[in-house]
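As a plain string of letters, each chain reads:
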Amino acid sequence: MGLSTQESLKLMDVCLLAGEMLLRSGAETHRVEDTMTRMAAAYTDAATHSFVTPTGIVFSIDKVDSTKLVRILDRSTNLHRVVLINQLSREMSKGSYTIDQAYEELQKIKQSNQGYPLAIKIAAAAISSGCFLIMYNGVWNDFLPALIAGGIGYSAFSWFHFLVKIKFFAECLAALVIGIIALIFVKAGWGQSLDTIIIGSVMPLVPGVLITNAIRDLIAGHLVAGLSKGIEAFLTAFAIGTGIAFVLAWTYGGMS
Amino acid sequence: MIWQALTSFIGSLMFCIIFNIPKSSLFKCGIVGMLGWVVYYAMSIHQINPVMATLFGAFTVAIISQIMARLYKTPMIIFSVAGIIPLVPGGMAYDAMRHFVSNDYATATSLAARAFMLSGSIAFGLIFSEVLNQLSRKTGNHKQDNN
């Protein structure tokens, strides 16, 4: 399967586009490398090399005098896209696409928007906050406050993240909002336990995908990616903690 | 116990919506989250060390996620994410911070250390299941699968 230089470059584009979308959507680093290698192997015998970190992808095919780099600036979680590209890569391995068709298919996935609407996500965050409250031995009286605090907290996060493109800042402010709402509920006598309400409502902000990915990347031997994702998760947790600490310092009056 | 199972199912399912998991997988993710939490909860009410309970919870989640990933030919992360979230020691980390803020550093550091241990046990639960997965691949006649 000798490809001409032109075709090899096209193949490189296909692999990089898939890798870029996977990384942006919250896939593990080793999955990105694996998918790119498999995609390329479906069309060429030449060995491929990829180096993926959470902020960039380097990819090259042997005997082609070109190596490409893609910079990744923003990352969010859209696991639906990961599933779609995974399926596409399976199909490509079976040989059911030409390079051009694969490129078009990837563009289609890129343009279509598979995410749930924001309103549904906010509702989901609200309901999960209430459920987590019960799981952490909260009382049913606190269910509604946690539901409301969680919903408003997640909307605040989306709104702040839309305004300022710094994720940690948005998380910190959202946690602050959650703390204040929980405090208002407890002071007004509509909620019993400030602690469980806050813990339940903060859960939708917890960096779950990052934690799991960091561990899986570390196990797979991707030390650079694993460590940097771990630090990102830690920073997120720290941002949430800071927001809550403001409210706590005010309530418990420790920071005199 | 029934309420615990039910709320963990709904909670995990809702979490999947936040992470944009396809509709067809939502129910399965809820099941994974529920089983992981039920294992953890059953162990913790029988006075078993929370570190062990979290380890087994995470292990259960990872094993079931791997099985589901093979069955439905979807990435494993789809299932494991939903199940891991409830096990994350958010409550303990919160408690630690509360003590830090009220200048009770002795209690705070010990709580923080425990929260750290719990996170470590989540990691080990995932690692053990990965090891088992690779062992079964090497010994059995499983086809190489990119899950």
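Model, not experiment: these values are computed from the prediction.

Outline the confidence of the model for chain B, supporting the account with residue identities and numerical values.
Predicted confidence across chain B gives a mean pLDDT of 87, with 95% of residues reaching 70 or more. Two numbers describe this predicted complex: its pTM, 0.85, and its ipTM, 0.85.

Mind laying out the pattern of salt bridges, listing which residues take part and the relevant values?
Under the definition given, this model contains 15 salt bridges over all chains. The partner of A:Asp34 in a salt bridge is A:Arg38, and the shortest N-O contact between them spans 2.9 Å. A residue pair is termed a helical-turn pair when its members lie 3 or 4 positions apart in one helix, as A:Asp34 and A:Arg38 do in helix α2 (residues 29-41) at four residues. Classification of A:Asp34 by relative accessible area gives partly exposed; the value is 29%. In the salt-bridge network here, residues are joined through shared partners; they are A:Glu28, A:Arg31, A:Arg216 and B:Glu130.

Which residues make up the packing of aromatic side chains, and what values go with them?
Going through the model one piece at a time under the given rule, you end up with 15 aromatic pairs over all chains. Measuring from centroid to centroid gives 6.0 Å for A:Trp159 and A:Phe162, while their planes differ by 25 degrees, and the two rings are stacked. Residue A:Trp159 and its partner A:Phe162 are both found in helix α6 (residues 143-163); the two are separated by three residues, about one turn of the helix. Given a relative accessible area of 57%, A:Phe162 falls into the exposed group. Geometry around A:Tyr103 places A:Lys10 over its ring, the cationic atom sitting 4.4 Å from the centre. Over the ring of B:Tyr72 we find B:Lys28, and its NZ or CZ is 3.9 Å from the ring centre.

Break down the nonpolar core for me, citing the residues and quoting the values.
A:Val32, A:Phe59, A:Ile244, B:Phe19 and B:Ile21 are the most contacted members of the largest nonpolar core, which has 108 residues in total. Among the elements that make up this core, the one with the highest residue count is helix α1 (residues 5-24) of chain A (10 residues). In terms of nonpolar packing, the next biggest core, distinct from the first, is built from five residues, B:Met92, B:Ala96, B:Leu111 and B:Ala115 among them.

Which residues make up the side chain of A:Glu28, and what are the values?
Checked against the element boundaries, A:Glu28 lands in the loop between α1 and α2. Taking relative accessible area as the criterion, A:Glu28 reaches 0% and is therefore assigned buried. A distance of 3.0 Å separates a polar atom in the side chain of A:Glu28 from a polar atom in the side chain of A:Arg31. With residues near it in sequence (within four places) discarded, A:Glu28 still touches A:Asn213, A:Arg216, A:Asp217, A:Lys229 and B:Ile77.

How would you explain the interface of chain B and chain A if you had to name every residue and give the values?
Listed as interface residues are 46 residues of chain B and, on the opposing side, 53 residues of chain A. Across the interface of chain B and chain A, roughly 4600 Å² is buried in total on both sides, 71% from carbon and sulfur atoms. Counting across the interface, chain B meets chain A through two salt bridges. Linking A:Arg216 and B:Glu130 is a salt bridge whose minimum nitrogen-to-oxygen distance equals 3.6 Å. Seen at the junction of chain B and chain A, the total is 10 residue pairs in polar contact (both at pLDDT 80 or more). Of all the elements in the fold, those that place two or more residues in the side of chain B that touches chain A are α1 (2-18), α2 (23-45), α4 (77-84), α5 (90-101) and α6 (105-139) of chain B. Sorting elements by how many residues they give to the side of chain B that touches chain A places α1(B) first, with 10 residues.

The rules behind the values
Residues numbered from 1 in each chain as written. Chains lettered and ligands numbered in written order. Predicted model: local features only at pLDDT ≥ 70, side-chain atom pairs only at ≥ 80, totals over all residues. Heavy atoms only, no water. pLDDT = per-residue confidence, 0-100. Salt bridge = Lys/Arg side-chain N within 4 Å of Asp/Glu carboxyl O. Helix = DSSP H or I, 4+ residues; strand = E, 2+ residues; numbered from the N terminus. Buried < 20%, exposed > 50% of the residue type's maximum accessible area, 1.4 Å probe, protein only. Phe/Tyr/Trp six-rings, centres within 6.5 Å; stacked < 30°, edge-to-face > 60°. Lys NZ or Arg CZ within 6 Å of the ring centre and 35° of its normal. Core = buried A, V, L, I, M, F, W, Y, C linked by side-chain atoms within 4.5 Å. Polar contact = N/O pair within 3.5 Å; in protein donor to acceptor, adjacent residues only side chain to side chain. Contact = heavy atoms within 4.5 Å. Buried area = accessible area lost by both parts, 1.4 Å probe.

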